[in-house]
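Fold and geometry: a report
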Amino acid sequence: MSQENETISIDAPVDLYDGIALNPPALVVVYGSNLGKAYYLQQEVQVIGRALAADIHLDEDSVSREHARVRIERNATTVSDLGSTNGVFVNGHRVHEAQLKDGDRLHLGETILKYISGSSSETRFLEDVYRLMTVDDLTQAFNRQYFQESLKREISRVVRYRRSLSLAMLDIDQFKMINDAFGHLAGDEILKAFVALVSRNIRQSDLLARYGGDEFAIILPEAGPDAALKFCEKLRAMVAVHDFQFQGQAIEVTTSIGLQSYEHTDGDKTVRQLVAAADARLYEAKKTGRNRICTGRFI
């Protein structure tokens with residue numbers, strides 16, 4: 001966020017698409033889930049919809065799989081309805097196709113996106129709001145509220161698309177002893193280093209969140225029991241051999257993991273049920289010796 005505010009004009013540098021500024025326009029969520037999230041329009045054509053393959057993915061039932069198309073040509077941005085069930089609205093008016101102006105509000109289902117064309121200062125402000133609402137300040141992992149909202153969406157996908165889902169709950173073994181022996185500043189640095197290590201080794205589709213204290217959660221979409229266990233074992237081993245340090249002093253760190261898998265054949269489950277099941281497996285891993293994984297499936 002250190003970049004100076006600037007206004008993009010038609011003379012700005014352009015990328016591979018003729019006439020599209022390097023500092024691109026954006027659609028920013030001003031109502032709905034992911035409030036404050038900015039979707040930068042960096043391609044000439046982008047599709048908005050509920051489909052996972054959509055360029056801008058809006059996960060809500062009132063949005064069609066391919067709901068709308070946004071096209072950038074020279075200095076104009078146009079939105080078109082792709083035959084959606086519930087229509088495309090610009091500033092409250094239903095449109096088949098319309099050119100977006102700075103500040104226009106695009107209604108798609110229950111989501112409202114604000115189009116920001118020239119100045120990036122408002123986009124960055126809304127990004128800051130989004131981060132404050134969704135990201136843990138210390139570790140930069142997602143926070144507990146965002147995790148719960150995301151897990152609810154993933155559970156819905158399991159049922160809707162008949163896919164697999166796994167949830168890993170993990171914490172740092174004997175973290176209190178680290179704090180007591182090295183101080184809370186060391187504990188904070190270990191938490192940040194732990195998150196950085198895990199973040200570098202998860203898929204783009206996975207979600208890492210700080211659940212509380214030294215406990216974290218990883219949502220593993222479309223990962224069945226075998227694939228999730230293989231991933232968690234690699235992660236556990238990686239943490240155990242990683243060189244964690246504070247002020248030049250090595251600190252031994254291991255992690256225990258509780259892994260719960262969920263299939264569409266398991267019936268309807270809530271966020272609370274899935275978290276409780278994974279937490280129970282984590283407790284089992286701690287109780288039986290730490291630095292290990294315990295797994296479970298719904299019966």
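Here is a short report on the structure shown in this document. Here the structure is a predicted model, which is why all the values come from computation and not from measurement.

Cut-off values and rules
- Residues numbered from 1 in each chain as written.
- Predicted model: local features only at pLDDT ≥ 70, side-chain atom pairs only at ≥ 80, totals over all residues.
- Heavy atoms only, no water.
- Buried < 20%, exposed > 50% of the residue type's maximum accessible area, 1.4 Å probe, protein only.
- Helix = DSSP H or I, 4+ residues; strand = E, 2+ residues; numbered from the N terminus.
- Arc of directions from axis to C-beta.
- Contact = heavy atoms within 4.5 Å.
- Salt bridge = Lys/Arg side-chain N within 4 Å of Asp/Glu carboxyl O.

What follows deals with helix H3 (residues 175-182). Taken together, the buried positions of H3 are occupied by Phe175, Ile178 and Asn179. Taken down its axis, H3 places every buried residue within 95° of arc, on the same side. For H3, the exposed residues set more than 90 degrees away from the buried face come down to Lys176, Met177, Asp180 and Ala181. Check the buried side of H3 and you find it contacts strand E12 (165-172) and helix H4 (184-199). Immediately beyond the C-terminal end of H3, within one or two residues, lies Gly183, with a positive phi of roughly 100°.

Another point: the pattern of salt bridges. As enumerated under the stated definition, the model contains 14 salt bridges in all. Residue Asp136 pairs with Arg210 through a salt bridge whose shortest N-O separation is 3.3 Å. Taken together, the positions of Asp136 in the loop between helix H1 (121-134) and helix H2 (144-161) and Arg210 in strand E13 (residues 207-212) put the pair 74 residues apart, joining distant regions of the chain. By relative accessible area, Asp136 is classed as buried at 15%.

On to unusual backbone geometry, then. Within the chain, Gln140 stands out as a residue other than glycine whose phi angle is a positive 70°. When you line up the elements, Gln140 lands in the loop between H1 and H2. The phi dihedral of Glu222 falls on the positive side, at around 60°, and the residue is not glycine. Mapped onto the elements of the fold, Glu222 is located in the loop between strand E14 (215-221) and helix H5 (225-241).

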